[in-house]
Each structure stands twice: as structure tokens, then as C-alpha cells.
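Breakdown of the fold
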Amino acid sequence: MAEDFYRVLGVSRDASQAEIQKAYRELARKYHPDLNPDDKNATKKFQQVQAAFDVLGNPEKRELYDRYGSSFETTGSGPRPGQSWTYQPGAGGGSADFDFSQFFGERFGDGGDPGGLFEQLFRSAGARTGKSAGRGRRGADVAAEIHVPFQTAVLGGEVQVRIARSGGSDETLTVKIPPGIDDGQKIRLRGQGEPGGRGGPPGDLILTARVGSHPVFSRQGSNLLARVPITLGEAARGAKIDLPTPHGTVAVTVPPSTSSGTKLRVKGMGIAPRNKPPGDLLVEVLVALPRDLAEADRELLAQFDAKYSPHPRANLRW
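Each chain carries its own residue numbering, running from 1 in the direction its sequence is written. Reporting of local features is limited, given that this is a predicted model, to residues whose pLDDT is at least 70; pairs of side-chain atoms are given and counted only at 80 or more, and all residues count toward the totals for whole chains, interfaces and linings. Side-chain metrics rest on all non-hydrogen atoms present in the structure, leaving aside hydrogens and water.

A short note on the packing of helix α3 (residues 40-56) against helix α4 (residues 59-68)
The cut-off we apply is this: Angles run from 0 to 180 degrees between N-to-C directions of axes, and those axes are lines fitted to C-alpha atoms, restricted for helices to the stretch in contact. Note on conventions: DSSP H or I runs of at least 4 residues are helices, E runs of at least 2 residues are strands, and numbering of each starts at the N terminus. Just so you know how the angles are binned, under 35 degrees is roughly parallel, over 145 roughly antiparallel, 65 to 115 roughly perpendicular, and the rest oblique. Contacts were defined at the residue level, with two residues in contact if any of their heavy atoms lie within 4.5 Å. Residues are grouped as follows: Ala, Val, Leu, Ile, Met, Phe, Trp, Tyr, Cys and Pro are nonpolar; Asp, Glu, Lys and Arg are charged; all remaining types, including Gly, are polar.
Axis separation between α3 and α4 bottoms out at 6 Å; the angle between their running directions is 100 degrees. Here α3 lies roughly perpendicular to α4, going by the angle between them. From α3, Asp54, Val55 and Leu56 reach across to α4, where they touch Lys61, Arg62 and Tyr65. Residues that form the contact of α3 with α4 fall into these classes: three nonpolar, no polar and three charged.

A closer look at the pairing of strand β7 (residues 205-211)
Under the convention used in this document: Throughout, exposure labels follow a simple rule: accessible area from a 1.4 Å probe, protein chains only, divided by the maximum for the residue type, with under 20% read as buried, over 50% as exposed, and the rest as partly exposed. Here the rule is simple: two strands pair whenever DSSP picks up at least two bridges between them.
With five of its seven residues buried, β7 lies for the most part within the structure. Inspection of the sheet shows strand β3 (residues 142-148) paired to β7 by seven bridges, in the parallel sense. Bridge pairing in β7 places Ala144 opposite Leu207. By the bridge criterion, four bridges tie strand β6 (residues 186-189) to β7 in an arrangement that is antiparallel. Paired with Arg188 across the bridge in β7 is Ile206.

Digging into the side chain of Arg165
To keep it simple, the criterion reads: In protein, a polar contact requires one atom able to donate a hydrogen and another able to accept it; more generally it is a pair of N or O atoms within 3.5 Å, and residues adjacent in sequence count only if both atoms are side-chain atoms.
When you line up the elements, Arg165 lands in the loop between β4 (157-164) and β5 (170-177). Residue class for Arg165 comes out buried when judged on its relative accessible area of 5%. Among the polar contacts listed, one links the side chain of Arg165 to the side chain of Glu171, at a separation of 3.0 Å. If near-sequence neighbours (up to four positions away) are discounted, Arg165 is found in contact with Arg29, Val142, Glu171, Leu173, Gln192, Gly193 and Glu194.

Let's talk about the packing of aromatic side chains
Heads up, the rule is: Each pair of aromatic rings taken from Phe, Tyr and Trp, with Trp reduced to its six-membered ring, is defined by centres within 6.5 Å and is described as stacked if the planes are under 30 degrees apart, edge-to-face if over 60, and tilted in the remaining cases.
Applying the stated criterion across every chain, the model contains four aromatic pairs. Pairing Tyr6 with Tyr65 gives two aromatic rings, centres 6.1 Å apart and planes at 40 degrees, and the pair type is tilted. Of this pair, Tyr6 sits in helix α1 (residues 5-9) while Tyr65 sits in helix α4, placing them 59 residues apart in sequence. Tyr6 sits in the buried class, given a relative accessible area of 2%. With centroids separated by 5.1 Å and ring planes inclined at 50 degrees, the aromatic side chains of Phe304 and Tyr308 adopt a geometry described as tilted. Here the aromatic residues Phe5, Tyr6 and Tyr65 are joined through ring pairs into a cluster of three or more.

What about the side chain of Gln192?
With respect to the helices and strands, the residue Gln192 is situated in the loop between β6 and β7. For Gln192, the contacting residues outside a window of four places in its chain are Arg29, Leu35, Arg165, Leu173, Gly203, Asp204 and Leu205.

Quick word on α4
So the rule is basically this: Directions drawn from the helix axis to the C-beta atoms are what define this arc.
If you check which residues of α4 are buried, you get Lys61, Arg62, Leu64, Tyr65 and Tyr68. With its buried residues spanning 165 degrees around the axis, α4 presents them on a single face. In the segment just after α4, Gly69 is the residue with positive phi, at about 80 degrees.

A look at the pattern of salt bridges
Inclusion rule: Between Lys or Arg on one side and Asp or Glu on the other, a salt bridge is scored when a side-chain nitrogen of the former is within 4 Å of a carboxyl oxygen of the latter.
Going through the model one piece at a time under the given rule, you end up with 17 salt bridges. Among the ionic pairs, Glu171 bridges to Arg29, the shortest N-O distance being 3.1 Å. Taken together, the residues span a long stretch of sequence, with Glu171 in strand β5 and Arg29 in helix α2 (residues 17-31) at a distance of 142 residues. Linked by salt bridges that have partners in common, Arg138, Asp141, Arg188, Arg190 and Asp204 make up one network.

Comments concerning the nonpolar core
We apply this condition: Buried Ala, Val, Leu, Ile, Met, Phe, Trp, Tyr and Cys residues form a nonpolar core when they are joined through side-chain atoms within 4.5 Å.
Leu9, Val11, Ile20, Val49, Leu56 and Tyr65 are the most contacted members of the largest nonpolar core, which totals 23 residues. Elements with a contribution of two residues or more to this core: α1, α2, α3 and α4. Sorting elements by how many residues they give to this core places α3 first, with seven residues. Residues in contact with Tyr65, not counting those within four places in the same chain, are Glu3, Asp4, Phe5, Tyr6, Arg13, Val55, Leu56, Ser70 and Phe72. One finds Val250, Leu264, Val266 and Ile271 within the second-largest nonpolar core, a separate group that totals 20 residues.

Details of the sheet that holds β7
Pairing in this open sheet of three strands is mixed, and the strands run β3-β7-β6 from one edge to the other. This sheet does not close on itself; its edge strands, each paired only once, are β3 and β6. Direction aside, the axes of adjacent strands within the sheet are offset by 30 degrees on average.

The structure is reproduced here in C-alpha cells:
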């Protein structure tokens, strides 16, 4: 038994074209093969949805479908002037006789030359069966920007984006972010753009990622860079400092006599994009002095400076 196209799209028989288009768009996204690569049932559902929208989304086809049912597109042998057209349905259907004069006026049955009418008929039929250039037009792509927090860009996750549709409505989508996405990188969601014309495939949604900043970490390719303050004593005598990272807290060894600006490398603790080796964590140490340093301590540091040579700026030149 033929599918009821209204039931396939989940709309009533008196649904408006806007309601039909909305139902199609939602179902096409739900069952799109690219979003359900291992689900054969979803592919079948997607094809049924496409077939239903191909008819109900076209007012001309819909009118014929409402009148003659699922076999409305079948053609039989052409009628002679004054005769009715016998409709040859597909398997499982009956036959229906109707007079084409109801479409083209009484000239069709009064013995006049129907050649021009046949030409019009088959030209229209050709357009309905895909011979016209407008048949199966792909929907337009939709471009938008998506804000991705720095932590999500490193580890991957999900973010939401609101898309303004051409009909004036807004739609909120949840987007999966792959680990290691970079600022300016694009994500293509197939079938999430505007619906196609005359049953054609929908366009794609193309999102440009805008990655947020972090107060401590920055990025150099697949490496993570952290600027970490240490005390003067830790820089002088060396230390082990705990540093929170995307992969958990790690202990970083600061060698004795480490100067501010020195970069320490922790292998494999950077960004780990899919199917690529992980980057490293680069720790740039910054020696931080107390703001309320006592005068006696200042004098002690001055004596310390005078004790060691050469002075660190001794070789500066223009």
C-alpha cells in the first residue's frame, strides 16, 4: 500500500506550505544519512521524507495528489479528441477515468485541434519529472560564527549556537566541537542549511569557530603555553611546583638559578587533536617579588646584586 505523504511528514491534510516545509526540514535533519551513517532505517526514512516533500512541497503536485492519490504521476496513452483519459496507476491501485476538459476547457472535447494543449501538457509533465532546470535545486548554505570557550577548544565538547532562518524564525542547535579546534577553523554541518527547492537536498550550515581566551594559558599550534609566577626563592634554589592543566595537575621541576622568562617543557601534556600526536606543555616562569618588600630585605638584595658579576645588562648594545 502506498505511503500517505501527509502521514510521512506528520502534518494534516489542510497544512499550510510553511508548515509542510518546517516539518520537512526537521525530519530531513533527523534522518539525514550523513548524521546517521550506520542506520539503514534512517536512510529509508530520509528517502520517504524526500519523496513526500517532493509532492506536498509543490502546490501543483499536491493538488493532483489530493485529487487522485499516490498514482497521480502515472501517464497512460494519450486520448483522442472527445475521449476521456484513462489513468494507469502503479501496482496495488485501481484505475480512474477523468475528462481533461476540466483542466483545459471544452475545446479539448469539441473536435478542435488539441495539439497545443498536448504540448502544454507534456511540457508541464516534463517539469514535474525533473526535466526542468529548477527541479531538485539544492538549498542555500547558511554561514554563522560560533563562540568556543578556550577549554572546550582544547578538550572538545559541545556548544550551542542560535541560527536565524530565512522564514524569520530562530533555531538553537547543539554542535559537537572536536578537540584541538583552532580560531577561524570551519565546521560544516551537512543538511542543516536552507531546504532545497522542489524536493532538492538541503544546504549545509558552515560555522566559523571563534575561540575565547584564557587568563593563564595560550596556544602555539598543538602546544599549550602557560605563564606561571614563581617566588625569588624558588627561582634561586629550585623547586617543584604544581600546575593545573587540561589533563590534571602536573608537577613541574624548576631548576636552581632559573631566570624569569625561562620556558620549561612537559612532553605530551599539550593539545591532543584527533588522529594526531599530542603537543607539549610549555611553562614560562615569571619571577614575582612581593609588593610589600621590607627595606631591610631590599638592602639585602642590593648586596646580593653587588656580590655577583657580570651584571645581567652588561652586554646590552644599540
